[in-house]
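Spelled out, the chains give:
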Amino acid sequence: MIISIRRHASADEIDSVISRIRDFGYKIHTIEGEERVVIGAIGVGDTSSCLDALAAMDCVEKAVPISAPYKFVSKEFKPAQTVIKVGRDVEIGGSEFVMMAGPCSVESEGQIMETAHLAAKGGAKILRGGAFKPRTSPYDFQGMEEAGLKLLAQARTETGLAIVTEVMSDTDVELVAAYADMMQVGARNMQNFALLKALGRCGKPVLLKRGLSSTIKELLMSAEYIVAHGNKDVMLCERGIRTFETATRNTCDIAAIAALRELTHLPLVLDPSHATGKRSLVPPLARAGVAIGADAMIVEIHPNPARAVSDGAQSLDPAHWLEMMEDLQPYIELWKKTRPAPAPAAV
Ligand code: PEP
Ligand code: MN
């Protein structure tokens, strides 16, 4: 339910509304609007009795149920677009388009430092790189783990880029959060509910990737897990889904960005690398991603893709990366001009 409180209501009146809502078994999530307080109440309770009780309270202007099964992340709950701060000075969801780039895996000190400088040179604000790798084969490279996290932190110190890296297990959340500026949930773990719950308490923003065969609703429900467990800073990433098509590694559901925009206030990210699996297809898809209104993009780049330990075929080499970023500029300028001004904080 969303409960709007009348302007100029006193703190005592607001408290009495909150305790009435709690009587019905709902959890409270208060938004301090600029002009009036709006209260979000989530949970399983007798909604119609609660709405009746609230209607009888003078200071309640309006109380309406949230019809979507995902509550906190729905546009009904919060129409204003969410802006998430990553690291010291990057904001995703606001007036800047943000690029994240880096290798699929952290491989060595030399590789990650070189890639970090390359990412920064192209205009990326966030360095990606997997230290814990979800590989289809148990015989493939599994990641450098904590040594990789340390190298990412070193790359941050050297370049000023913020760091996003994948966490695969709830038992690793604390370790990864000690190094990362943003926690990535990979496609294969989108419905790892123990992990999602742990991320609710991790204190860092989360980049949640869409599962290989997941619907948009399932993606939103997974985001809801993280928010319901205490972490509002979640962004959603379209990275392609599994279909009958084999020409690309996955099928990019580009319309998901537009569809999600109508359903949620969370920032939206496109990963054209995993969505295509093919270097030559990354720049055209990146253009489409900017055009359709993604708030950010995450792209794999490598100083020498032929020698990459994972995802070399989809990684941009230095020349193609720099060229893509230059070519994207006019699209990004257009994005900035045509993007609706961020809605005011009040709902
Ligand atoms: C990755 O980002 O390297 C990765 C494994 O992505 P996904 O989970 O989307 O497959
Ligand atoms: Mn990869």
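Scroll up a little and you will see the structure.
Predicted, not measured: the structure shown is a model, and the values here were computed from it. (Residues numbered from 1 in each chain as written. Chains lettered and ligands numbered in written order. Predicted model: local features only at pLDDT ≥ 70, side-chain atom pairs only at ≥ 80, totals over all residues. Heavy atoms only, no water.)

> Even after reading the chapter, I still don't get the pattern of salt bridges, so can you show me in this structure?
Should the charged atoms of two oppositely charged side chains come close, the side chains can pair. In the structure shown here, the tally under the stated rule is 12 salt bridges. Residue Arg 128 is joined to Glu 300 by a salt bridge in which the shortest nitrogen-to-oxygen separation is 3.3 Å. Here Glu 300 lies in strand β14 (residues 296-300) and Arg 128 lies in strand β8 (residues 126-128), a separation of 172 residues in the sequence. Taking relative accessible area as the criterion, Arg 128 reaches 2% and is therefore assigned buried. (Salt bridge = Lys/Arg side-chain N within 4 Å of Asp/Glu carboxyl O. Helix = DSSP H or I, 4+ residues; strand = E, 2+ residues; numbered from the N terminus. Buried < 20%, exposed > 50% of the residue type's maximum accessible area, 1.4 Å probe, protein only.)

> Could you clarify how one ought to interpret helix α3 (residues 109-122) in this entry?
An α-helical segment advances 3.6 residues per turn. Residues three or four places apart therefore align on the same side. Taking 1.5 Å of rise per residue, 14 residues should cover 20 Å, and α3 covers 20 Å from first to last C-alpha, within 8% of that figure. Regarding α3, the residues found buried are Gln 111, Ile 112, Met 113, Thr 115, Ala 116, Leu 118, Ala 119 and Gly 122. Each element contacted by the buried residues of α3 is listed here: β7 (98-102), β8, α4 (146-159) and α11 (318-338). (Expected span 1.5 Å × (residues − 1). Contact = heavy atoms within 4.5 Å.)

> Can you walk me through the site of ligand 1 in this structure?
Close to ligand 1 lie 13 residues; Arg 128, Ala 187, Arg 188, Lys 209 and Arg 239 are nearest. Lys 209 has a polar side-chain atom sitting 2.9 Å from an oxygen atom of ligand 1. Bound to the protein, ligand 1 loses 97% of the 290 Å² it would expose on its own. For the shell around ligand 1, the residue count by class is three nonpolar, three polar and seven charged. (Near = heavy atom within 4 Å. Polar contact = N/O pair within 3.5 Å; in protein donor to acceptor, adjacent residues only side chain to side chain. Areas by Shrake-Rupley, 256 points an atom, 1.4 Å probe, with all protein chains shown as cover. Nonpolar A, V, L, I, M, F, W, Y, C, P; charged D, E, K, R; others polar.)

> Quick question: what am I supposed to make of the sheet that holds strand β13 (residues 268-270) here?
Where strands meet in a sheet, backbone hydrogen bonds hold them as pairs that are either parallel or antiparallel. Strand order in the closed barrel formed by eight strands is β7-β8-β9-β10-β11-β12-β13-β14, and the pairing between neighbours is parallel. With direction set aside, neighbouring strand axes in the sheet form an average angle of 25°. Of the strand pairs in this sheet, β7 and β14 are connected by five bridges, and their pairing is parallel. Pairing of Gly 102 across the sheet is with Glu 300, part of β14. Packed on one face of the sheet, α4 meets β8 and β9 (162-166) and runs near 160° to β9. (Pairing = 2+ DSSP bridges. Axes fitted to C-alpha atoms, helices over the stretch in contact; angles between N-to-C directions.)

> For this particular structure, what's the right way to read the coordination of the manganese ion (ligand 2)?
Any two of four tetrahedral donors ideally make an angle of 109.5 degrees at the metal, while pairs among six octahedral donors ideally make 90 or 180 degrees. Within the protein, Cys 104 (SG), His 274 (NE2), Glu 300 (OE) and Asp 311 (OD) serve as the donor atoms for the manganese ion (ligand 2), at 2.0 to 2.4 Å. The class for His 274 is buried, based on a relative accessible area of 8%. (Donors = N, O, S within 2.8 Å, 3.2 Å for Na, K, Ca; no water.)

> Quick question: what am I supposed to make of the side chain of Asp 317 here?
Inspection of the secondary structure assignment puts Asp 317 in the loop between β14 and α11. Of the buried charged residues, Asp 317 lacks a salt bridge, with Arg 279 as the closest side chain of opposite charge at 4.5 Å. A polar atom in the side chain of Asp 317 sits 2.8 Å from the side chain of His 320. In this structure, Asp 317 is in contact with Arg 279, His 302 and Pro 305, ignoring residues within four places of it in sequence. (Lys, Arg positive; Asp, Glu negative; His and termini not counted.)

> Got a minute to help me understand the packing of α3 against α4 in this structure?
When two helices pack together, their arrangement is given by the angle between the helix axes and the distance between those axes. At a closest axis distance of 10 Å, the pairing of α3 and α4 adopts a crossing angle of 35°. Along this stretch, α3 crosses α4, giving a crossing that reads as right-handed. Residue-level inspection shows Glu 109, Ile 112, Met 113, Ala 116 and His 117 of α3 in contact with α4, the latter providing Leu 151, Leu 152, Gln 154, Ala 155, Glu 158 and Thr 159. (Left-handed = near helix turned anticlockwise from the far one by under 90°.)

> Would you mind going over the side chain of Ser 74 with me for this structure?
With respect to the element layout, Ser 74 can be found in the loop between β4 (60-64) and β5 (84-86). Since its relative accessible area comes to 1%, Ser 74 is described here as buried. Ignoring anything within four residues of it in the chain, the contact list for Ser 74 reads Ile 66, Ala 68, Leu 263, Thr 264 and His 265.

> Sorry if this is basic, but what is going on with unusual backbone geometry here?
For residues that are not glycine, phi is negative in most cases, and the peptide bond is trans in most cases. Phi is positive for Glu 145, which is not a glycine, with a value near 55°. Along the chain, Glu 145 turns up in the loop between β8 and α4.

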